[in-house]
Amino acid sequence: MSDHPPFTREHYREAAETIRRWTRHRPQIGIILGSGLNSLADEVEAANRLAYTDIPHFPPTGVAGHVGQMVLGQLAGRDVLIMQGRAHAYEGISLQHATLPVRVMHELGIRTLIVTNAAGGLNPGWHAGDLMLITDHIGLSAMVGHNPLWGPNDDSLGPRFPALSKAYDPALRRLAVKVAAELGIELRQGVYCGLAGPAFETPAEVRFLRLSGADACGMSTVPEVMVACHMGMRVLGFSGISNVAIDNLDADEAANHEEVLAAGQTLVPRLIALLRGVLAAIPVA
Ligand code: HPA
């Protein structure tokens, strides 16, 4: 964990001001791209690109498969802000720092957040390359205290005790299911379990997670969703199942980051089609 003093609204405003000065785009929808899903940002028209290292207070990302730049422009006729890669707490920063980009999006006027990630499949019927709509999450590491909302609460941003009973907006989920059906894209639905990483799970942990009711697990997303919900943003989430989590000690394979990135490549065309369809139909406030 970094020992940076708590970030405040002043930090978020400073970052937002830098972004506003540098682009004429005024996005209403933010999208965060997970491991191996970077090429989705190549679809953006009239794109302005800004490295995270050029935005005050932004967390850098050093993980392979995460470019570390913001892309603003048009996708499916909507003004969007795309985060091409995200920072993770396991890189050695606080969760408050890792989720700062979501605070900055809110400061920019964005009220709809679409999160994507690469995830290990826990549901026994699923395969690498499957696409999952996140219906709900288990914030396992947040439940035991690794939580981005710890620390002083800024009441101007959201309540001390936010409700997460509809963290993934029901209307947006219905829309995603409808668009997927219209496009003939198979869309699984399930619960995402958020873990701290960076180690992959032991087989015993995989069996434990499955018993808990999780369909997929990964090392991101939950903190961002908690912060977005804290500020009343609407959230839609997709997991690309990049590998099947290994649940027995005798298996020859082992999970690895390379297979996660490779599966991303097979998922991207379907995810792009789905996101385009959702964006075109999404109501913006
Ligand atoms: N476990 C945790 N995180 C992941 C996995 C996994 O199997 N695959 C992609 N991210």
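Residues numbered from 1 in each chain as written. Predicted model: local features only at pLDDT ≥ 70, side-chain atom pairs only at ≥ 80, totals over all residues. Heavy atoms only, no water.

> Let's hear about empty space enclosed by the protein: which residues, and what values?
Within the structure shown, the criterion is met by 2 cavities of 30 Å³ or more. In this structure, the largest cavity encloses a volume near 190 Å³. Lining the largest cavity we find 21 residues, and of these Leu95, Leu195, Met219, Ser220 and Pro223 sit closest to its centre. Those elements that provide at least two residues to the lining of the largest cavity are helix H2 (95-98), helix H4 (140-143) and helix H7 (222-230). Among the elements that make up the lining of the largest cavity, the one with the highest residue count is H7 (3 residues). Its residues assigned to classes, the lining of the largest cavity comprises 11 nonpolar, 8 polar and 2 charged. The calculated volume of the second largest cavity comes to roughly 40 Å³. Around the second largest cavity, the lining residues are Ile32, Pro59, Met83, Arg86, Ala87, Ala98, Thr99, Pro101, Val102 and Glu224. (1 Å grid on protein atoms, 1.4 Å probe; cavity = no way out; pocket = protein on both sides within 12 Å on 5 of 7 lines; lining within 4 Å. Points joined across faces, edges and corners; volume = space filled by probe spheres on them. Helix = DSSP H or I, 4+ residues; strand = E, 2+ residues; numbered from the N terminus. Nonpolar A, V, L, I, M, F, W, Y, C, P; charged D, E, K, R; others polar.)

> Give me the site of the ligand: which residues, what numbers.
As a matter of local geometry, the ligand sits amid Ala118, Ala119, Gly120, Phe200, Glu201, Cys217, Gly218, Met219, Ser242, Asn243 and Val260. Residue glycine 120 places a main-chain N or O atom 3.3 Å away from a nitrogen atom belonging to the ligand. Within the side chain of serine 242, a nitrogen or oxygen atom sits 3.5 Å from a nitrogen atom of the ligand. Contact with the protein chains covers 96% of the free accessible surface of the ligand, which is 260 Å². Using a 2 Å cut-off from the grid points, one finds that the ligand occupies the second largest pocket. Here the shell around the ligand gets 3 residues from one element, more than from any other, and that element is strand E5 (residues 112-121). In the shell around the ligand, the residues fall into 6 nonpolar, 4 polar and 1 charged. (Near = heavy atom within 4 Å. Polar contact = N/O pair within 3.5 Å; in protein donor to acceptor, adjacent residues only side chain to side chain. Areas by Shrake-Rupley, 256 points an atom, 1.4 Å probe, with all protein chains shown as cover. Sits in = over half its atoms within 2 Å of the grid points.)

> Quick one: what's the story with the environment of serine 141, residue by residue and with numbers?
Within the secondary structure, serine 141 sits in helix H4. Serine 141 gets classed as buried once you look at its relative accessible area, which sits at 16%. Apart from residues no more than four positions distant in its own chain, serine 141 is found in contact with His146, Gly194, Leu195 and Ala196. (Buried < 20%, exposed > 50% of the residue type's maximum accessible area, 1.4 Å probe, protein only. Contact = heavy atoms within 4.5 Å.)

> Describe the layout of surface pockets, naming the residues involved and giving the relevant values.
Using a probe with the size of a water molecule, rolled over the atoms, empty space left in the structure can be pinpointed. Taken as a whole, the largest pocket spans an internal volume of roughly 500 Å³. Lining the largest pocket are 28 residues; nearest its centre among them are Gln96, Pro148, Leu149, Trp150 and Gly151. Across the lining of the largest pocket, the residue classes break down as 13 nonpolar, 12 polar and 3 charged. A volume near 330 Å³ is recorded for the second largest pocket. Lining of the second largest pocket is provided by 22 residues; of these, Ser35, Ala118, Phe200, Met219 and His257 occupy positions nearest its centre. Those elements that place two or more of their residues in the lining of the second largest pocket are E5, strand E8 (216-218), strand E9 (234-244) and helix H8 (257-281). The greatest single-element share of the lining of the second largest pocket, amounting to 4 residues, is contributed by E5. Here the lining of the second largest pocket is built from residues that sort into 9 nonpolar, 11 polar and 2 charged.

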